[in-house]
Structure formats: structure tokens, C-alpha cells
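Report on the structure
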Amino acid sequence: MEPRYIIIMDFSNGELLKIKLTDQELRALEEYEDFYDFLSTLEDKYGFRVRDSLYMTVETLSERSHNM
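Here the structure is a predicted model, which means the values were calculated and not measured. (Residues numbered from 1 in each chain as written. Predicted model: local features only at pLDDT ≥ 70, side-chain atom pairs only at ≥ 80, totals over all residues. Heavy atoms only, no water.)

Brief notes about the packing of aromatic side chains
Counted only if it meets this: What counts as a ring pair is set by centres within 6.5 Å for rings of Phe, Tyr and Trp (its six-membered ring), and what kind of pair is set by the plane angle: stacked under 30 degrees, edge-to-face over 60, tilted for all other angles. We count a stretch as a helix when DSSP gives it H or I for four or more residues in a row; a strand needs E for two or more, and each element gets its number in order from the N terminus. Categorising residues by exposure relies on relative accessible area from a 1.4 Å probe, with only protein chains included: less than 20% of the type maximum marks a residue as buried, more than 50% marks it as exposed, and the intermediate range marks it as partly exposed.
A complete count under the given rule lists three aromatic pairs for this structure. A centroid spacing of 5.8 Å and a plane angle of 55° characterise the contact between F35 and F38, whose relative ring orientation is tilted. Of the two residues, F35 and F38 both sit in helix α2 (residues 35-40), three residues apart, roughly one turn of that helix. Each member of the pair F35 and F38 is classed as buried. For F35, a relative accessible area of 19% gives the class buried.

Structure representation (C-alpha cells):
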């Protein structure tokens, strides 16, 4: 499974961030042994801090909301 999407729960501000990786970011990901190290390179671009977040990766994104 290639992680096309990253879902980040930033508990410093209660934000849910969904990122669809670009083709360039996917190529850059291949350079890293550790996903955490790669994710750290995206902090400034997408405005989050890895150490204040939980994350998951998925190949395809499906979402539902209840009582929003």
C-alpha cells in the first residue's frame, strides 16, 4: 500500500488535517527509511508539528461525518 493520504490529528489546536501527497512528495518519501522523518519535512508546508500530532496513512480516503 502506497500512502497517498495522510490524516493528522493535531491535538495542540484540535485540528484535523487531511493531506493528499503530491507526486513529488511521493517520490521524496521513497528517500526515507522512517516515515516520521519524512513527515517532519512537511511540517512548515502544511502548518503542523509532528510532535503535537497523531497521524495515519491510507491509500484511498473515505470519510463520514455525523451530527456536524
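Quick notes on the nonpolar core
Our working definition: For the purposes of this section, nonpolar cores are sets of buried Ala, Val, Leu, Ile, Met, Phe, Trp, Tyr and Cys residues that join through side-chain atoms within 4.5 Å. Contact criterion: two residues are considered in contact whenever any of their non-hydrogen atoms come within 4.5 Å of each other.
Counting residues in each nonpolar core, the largest one holds 13 residues, and the members touching the most others are I6, I8, I19, L21, L39, L42 and F48. Those elements that provide at least two residues to this core are β1 (5-10), β2 (15-20), α1 (23-29) and α2. The element contributing the most residues to this core is α2, with three residues. Setting aside anything within four residues of it in sequence, one finds I6 in contact with L17, K18, I19, L21, F35, L39, L42, Y55, M56 and T57.

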